[in-house]
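Residues per chain are reported as follows:
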Amino acid sequence: MKTDKAKMKIKFNDGSEIYLEDFFNSNYLRFNSFAFHYLSDKNECEDIVQDVFITFWEQKKVFPNLTSVKAYFYTSIRNMCLNQIKHDQVKQKYIQESQYKIESTDFFWEGVIRKEANGIIYDEINKLPPMEKKVLLLS
């Protein structure tokens, strides 16, 4: 376990390093609280903060100092929260449009006509000889 922790370091331009695990443990709640400022879903906030940590680790950047690392996290968390808000707005708009469509009389009659027409077509197909019926059903 000690070797895994040793590999996970944040490096600074001056040659100093800190462990990512220590940085995570000391800032995780602070970053979640910051994300909660934008989003009211605790689970979404946790997911976003964890995603930022993963992205940070994958990039393996070198930063000038600890303040720059924190700025990176706050900026990344804010941007991901804003993206989530935009995504939620698009979802909500789609739900509202879908609900309006589903509740409309045209949607109702369109469904009734489609089902009745399909029923009539399949009734007629079932009257055909077996090979013709098979050809039509496979097509």
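Keep in mind that this is a model prediction, so the values were computed, not measured.

Quick notes on the rules
- Residues numbered from 1 in each chain as written.
- Predicted model: local features only at pLDDT ≥ 70, side-chain atom pairs only at ≥ 80, totals over all residues.
- Heavy atoms only, no water.
- Pairing = 2+ DSSP bridges.
- Helix = DSSP H or I, 4+ residues; strand = E, 2+ residues; numbered from the N terminus.
- Contact = heavy atoms within 4.5 Å.
- Axes fitted to C-alpha atoms, helices over the stretch in contact; angles between N-to-C directions.
- Phe/Tyr/Trp six-rings, centres within 6.5 Å; stacked < 30°, edge-to-face > 60°.
- Parallel < 35°, antiparallel > 145°, perpendicular 65-115°, else oblique.
- Left-handed = near helix turned anticlockwise from the far one by under 90°.
- Nonpolar A, V, L, I, M, F, W, Y, C, P; charged D, E, K, R; others polar.

Enquirer: In this structure, what is going on with the sheet that holds strand β1 (residues 9-12)? I would like to understand it.
Expert: The strands making up a sheet associate through backbone hydrogen bonding, with each pair oriented either parallel or antiparallel. If you walk across this open sheet you meet the three strands as β2-β1-β3, and the pairing is mixed. With partners counted over all chains shown, the strands left at the sheet margins are β2 (17-19) and β3 (62-63), one partner each. Two elements, β1 and β3, share two bridges in a ladder whose sense is parallel. From the neighbouring strand, phenylalanine 12 faces β3, where its bridge partner is phenylalanine 63. Sheet strands touched by helix α2 (residues 20-36): β1 and β2. Its angle to β2, the strand with the most contacts, is close to 65°.

Enquirer: Help me out: how do you make sense of the packing of aromatic side chains in this one?
Expert: Here a ring pair, both rings aromatic, is described through the centre-centre distance and the interplanar angle of the planes. Per the stated rule, a full pass over the model turns up 17 aromatic pairs. On the numbers, 5.6 Å between centres and 75° between planes, the contact of phenylalanine 34 with tyrosine 38 is edge-to-face. Ring geometry for phenylalanine 53 versus phenylalanine 73: centroids 4.5 Å apart, planes at 50°, classification tilted. Residue phenylalanine 53 is located in helix α3 (residues 42-59), and its partner phenylalanine 73 is located in helix α4 (residues 66-103); the two are separated by 20 residues in the primary sequence. Through a chain of ring-to-ring contacts, the aromatic side chains of Phe23, Phe24, Tyr28, Phe31, Phe34, Tyr38, Phe53, Phe56, Phe63, Tyr72, Phe73 and Tyr74 assemble into a single cluster.

Enquirer: Teacher, can you tell me more about the packing of α3 against α4 here?
Expert: Between two packed helices, what matters for the description is the angle formed by their axes and the separation of those axes. Packing of α3 against α4 brings their axes to within 10 Å, and their N-to-C directions diverge by 130°. In terms of orientation, α3 and α4 fall into the oblique class. For the pair α3 and α4, the sense of crossing is right-handed. Residue-level inspection shows Glu44, Ile48, Val49, Asp51, Val52, Phe53, Thr55, Phe56 and Gln59 of α3 in contact with α4, the latter providing Val69, Tyr72, Phe73, Ser76, Ile77, Met80, Cys81, Gln84 and Asp88. The residue makeup of the contact of α3 with α4, split by class, is 11 nonpolar, four polar and three charged.

So yeah, pure geometry; function would need other evidence.
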